[in-house]
Amino acid sequence: MTLTGHSLIAGETVAGTNGTASGISPATNHALEPAYSMLGEGQLKAATEAASEAFDSFRALEPERHARFLEAIAENIEAIGDELIDRASAETGLPAARLSGERARTVGQLRLFAEVVRQGDFRGVRIDPALPDRTPLPRADIRLRQVPLGPVAVFGASNFPLAFSVAGGDTASALAAGCPVVVKAHNAHPGTSELVGQAIARAVRSLDLHPGVFSLVYGAGTGIGQALVADPAIKAVGFTGSRAGGLAIMRTAAARPEPIPVYAEMSSINPTYILAGALDDAETLARQYVASVTGSSGQLCTAPGLLFVPAGEGGDAFVAAVARAVSAQPGQTMLTPGIAAAWEQGVRILGDVAEVELVARGQDGSTENAPAPAVFGTDTDAFANNPVLHEEIFGAASLVVRYKGADDLAAATERIEGQLTATVHAREQDHPLAAQLLPVLERKVGRIILNGWPTGVEVGHAMVHGGPFPATSDSRTTSVGTLAIHRFLRPVSYQNVPQDLLPAPLQDANLWHLNRLIDGRPDLRA
């Protein structure tokens, strides 16, 4: 497939006028062809205006055609074949096996949302029939449905070039909701982004949709992203990235004449708790922990960057097993030279804290930007009193905190910021302590795992990939799973509207065969 090196706006290739930038192979630090032209802010208007023009026809799609559109995107991505995996690996340093799994997740979530569109419960239809004889006052006929917000801006993520980028969860859920999407490509994987963008554009054409349903834009620095968020045609934002980047987008969105919601996934250290009974197999547990810390070079938003371990002999044996496991680990290529440099800085700052000691460090990898993974140790007193120990280090690094008992552990947990996940390893004899801990964790995180590891996020109906600030900008939502569609919807009520003027989901005939609530009671489709 030919890479053009340009933005894709409403189905048309558009050369930017603001210079060029190239993807960099993190394994070699060499530039990759082609160089990509960067849009000027004035050129961005074509994408947002086209999205606005496409909105009314796209949001009114009949469910089967809408679902087929999402399935067509999935089919087109699969049809790219090895070219997509090879390009993504060259741009990110991620191994082919990891990227093949990510592609499967990407097309899987598109197909899952296609089924959500067909099934239709996300439309939230509620009907309160008129009660003209009710006393002392009659009730009007009132009907409610969820409608899409409007065009959505999506920012591609550095660490998931497929599943959280051009056709990732934010795009899939926004398109499923009926919202046109303008994607700001991540400049670390521009070729991968274009290949997927072309697949979406082909799906738009094959279903004869308005071409403004999808655009892919490239821009230098933060300027084009901030301009996208500030554009009045954009009605919501999906973002996965750093806390600094997410906060900057939130400020811009809040300062608009019409503020808009930002659904930003930002930073998380994902505390993991080892309770005493779980130490009966310290070697196995230690290996699993190190594998979770170092997988994908630690560049996963759910990597366990913080581990609580009991003081005493059992904890000592576990930490010794961790040291052995880490020492045997080679570094893996990180996503970009900049991310590798930031990781080195974070590790250096953490290691310079007087109350922190190095548990173990592995070996540097054989490529560029492949630093040796590292695990550090401290106690709860130091953790409670030093905010540096609460900061995310994006990459293969983690901090082990030794606790002295239940009260000590509870106090340390209260000091933790909002997180995506928390994990508890416990045996039956630990359940009384776990029962004390879980209500605290409910206030702190979006997903609680027992006797597992937080890395690996299932895409399904019950998944929450979100959490209290600063893990995300809105703790009521998720960026993974079918609940993600609700980020891009809002309720509208229709009072005393005649049948011939009502939208199809609200008509008595129920032509879309939706499950509905009628007078508060479930009315299941025929």
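Provided above is the structure to which this section pertains.
Below is a short write-up of the structure.

The rules behind the values
Residues numbered from 1 in each chain as written. Predicted model: local features only at pLDDT ≥ 70, side-chain atom pairs only at ≥ 80, totals over all residues. Heavy atoms only, no water. Pairing = 2+ DSSP bridges. Helix = DSSP H or I, 4+ residues; strand = E, 2+ residues; numbered from the N terminus. Axes fitted to C-alpha atoms, helices over the stretch in contact; angles between N-to-C directions. Contact = heavy atoms within 4.5 Å. Expected span 1.5 Å × (residues − 1). Buried < 20%, exposed > 50% of the residue type's maximum accessible area, 1.4 Å probe, protein only. Arc of directions from axis to C-beta. Right-handed = clockwise from strand over helix to strand, strands pointing away. Polar contact = N/O pair within 3.5 Å; in protein donor to acceptor, adjacent residues only side chain to side chain. Bend = angle between axes of the 7 residues up to and from the residue. Phe/Tyr/Trp six-rings, centres within 6.5 Å; stacked < 30°, edge-to-face > 60°. Lys NZ or Arg CZ within 6 Å of the ring centre and 35° of its normal. Parallel < 35°, antiparallel > 145°, perpendicular 65-115°, else oblique. Left-handed = near helix turned anticlockwise from the far one by under 90°. Nonpolar A, V, L, I, M, F, W, Y, C, P; charged D, E, K, R; others polar. Salt bridge = Lys/Arg side-chain N within 4 Å of Asp/Glu carboxyl O.

Taken together, the seven strands give an open sheet; going across it, the order is E16-E17-E18-E15-E14-E19-E20, and neighbouring strands pair in mixed fashion. Two strands in the sheet have a free side with no partner beyond their single neighbour: strand E16 (357-361) and strand E20 (445-450). The mean angle between the axes of side-by-side strands here comes to 20°, regardless of whether they run parallel or antiparallel. Pairing analysis gives four bridges linking E16 to strand E17 (residues 374-379), with the strands arranged antiparallel. Looking at the pairing, Glu-357 lines up with Gly-377 of E17. Seen against the sheet, helix H13 (residues 406-414) touches strand E14 (271-274), strand E15 (306-310) and strand E18 (397-403) and runs at an angle of roughly 140° to E18.

Before going further, it helps to examine helix H11 (residues 337-351). Its 15 residues give H11 an end-to-end C-alpha distance of 21 Å, which sits within 8% of 21 Å, the value for a rise of 1.5 Å per residue. Every buried residue belonging to H11 is among Ile-339, Ala-340, Trp-343, Gly-346, Val-347 and Leu-350, and all of these are buried. In an axial view of H11, the angular spread of the buried residues amounts to 125°, which keeps them on one side of the axis.

Counting buried positions along E17 gives five out of six residues, so the element sits mostly inside the fold. In this structure, E17 lies alongside E18, joined through six bridges in parallel fashion. Looking at E18, one finds that Ala-374 is bridged to Ala-397. The β-α-β motif built from E17, the intervening helix H12 (residues 380-385) and the parallel element E18 has right-handed crossover chirality.

What follows is about the environment of Gln-363. Secondary-structure assignment places Gln-363 in the loop between E16 and E17. As a C-alpha pair, Gln-363 and Val-326 span 37 residues in sequence and 8.9 Å in three-dimensional space. Ignoring sequence-local partners within four residues, the contact set of Gln-363 consists of Ser-327, Ala-328, Gln-329, Pro-330, Gly-331, Ala-372 and Pro-373. In this structure the side chain of Gln-363 is engaged in a polar contact, spanning 2.2 Å, whose partner is the backbone oxygen of Ser-327.

All right, on to helix H14 (residues 431-444) then. Taking 1.5 Å as the rise per residue, H14 with 14 residues should run 20 Å; its terminal C-alpha atoms sit 19 Å apart, in good agreement. Largest kink in H14: about 30°, centred on Leu-438, with the proline Pro-439 one to four residues after it. Burial in H14 covers these residues: Ala-434, Leu-437, Val-440, Leu-441 and Lys-444. Residues of H14 that are buried make contact with E14, H13, strand E19 (419-425) and E20.

Following the criterion strictly, the structure yields nine aromatic pairs and no others. Between Tyr-273 and Phe-308 the ring centres are 4.9 Å apart and the planes differ by 15°, which places this aromatic pair in the stacked class. Of the two residues, Tyr-273 is situated in strand E14 and Phe-308 in strand E15; the sequence distance between them amounts to 35 residues. Tyr-273 gets classed as buried once you look at its relative accessible area, which sits at 0%. For the ring pair Phe-308 and Phe-383, a centre distance of 5.7 Å and an interplane angle of 90° mean the geometry is edge-to-face. Placement of Phe-308 in strand E15 and of Phe-383 in helix H12 is noted, with a sequence separation of 75 residues between them. Neither Phe-308 nor Phe-383 differs from the other in exposure class; each is buried. Here the aromatic cluster, defined as three or more aromatic residues joined through ring pairs, consists of Tyr-273, Phe-308 and Phe-383. Here the guanidinium or amino end of Arg-59 rests over the ring plane of Phe-55, the centre of that ring lying 5.4 Å away.

Here we come to the sheet that holds strand E9 (residues 152-155). The seven strands lie next to each other as E2-E1-E11-E10-E9-E12-E13, forming an open sheet whose pairing is mixed. Whereas interior strands pair on both sides, the edge strands pair on one side only; in this sheet they are strand E2 (12-14) and strand E13 (262-265). On average, each strand axis in the sheet is tilted by 20° relative to the strand beside it, whichever way the strands run. Direction of pairing for strand E10 (residues 181-184) relative to strand E11 (residues 214-217): parallel, over a ladder of four bridges. Paired with Val-182 across the two strands is Ser-215, which belongs to E11. Contacts from helix H5 (residues 169-177) reach E9, E10 and strand E12 (236-240), with the element oriented near 170° to E10.

Here the focus is the environment of Gly-238. One can find Gly-238 in strand E12. Taking C-alpha positions, Gly-238 is 30 Å from Leu-517, a pair spaced 279 residues apart along the chain. In this view, Gly-238 contacts Val-152, Ala-153, Val-154, Phe-155, Asp-170 and Tyr-263; residues no more than four positions away in its chain are not counted.

A separate point is the side chain of Ser-479. You can see Ser-479 is positioned in the loop between E20 and strand E21 (489-495). In this structure Ser-479 touches Phe-164, Gly-169, Asp-170, Glu-265, His-465, Ala-484 and Arg-487, once residues within four positions along its chain are discounted.

As a further point, take the packing of helix H2 (residues 63-80) against helix H6 (residues 190-206). Contact pair H2 / H6: the axes reach a minimum separation of 8 Å and the direction vectors enclose 135°. The orientation of H2 relative to H6 falls into the category oblique. For the crossing formed where H2 meets H6, the hand is right-handed. Residues Phe-69, Ala-72, Ile-73, Asn-76, Ile-77 and Ile-80 of H2 form the contact with H6, whose own contacting residues are Leu-195, Val-196, Ala-199, Ile-200, Arg-202, Ala-203, Val-204 and Ser-206. Taken together, the residues of the contact of H2 with H6 break down into 11 nonpolar, two polar and one charged.

Tallied over the entire structure, the rule returns 24 salt bridges. Across the pair Arg-98 and Glu-102 runs a salt bridge, and its minimum N-O distance is 2.9 Å. With Arg-98 and Glu-102 both in helix H4 (residues 96-119) and four residues apart, the pair spans about one turn of that helix. According to the relative accessible area criterion, Arg-98 is buried, its value standing at 17%. Residues Arg-118 and Glu-115 are paired through a salt bridge, measuring 2.9 Å at the closest nitrogen-oxygen approach. Here Glu-115 and Arg-118 lie together in helix H4, a separation of three residues that amounts to about one turn. Salt bridges here are not isolated pairs; linked through shared partners, they connect Glu-64, Arg-68, Glu-71, Glu-75, Glu-115 and Arg-118.

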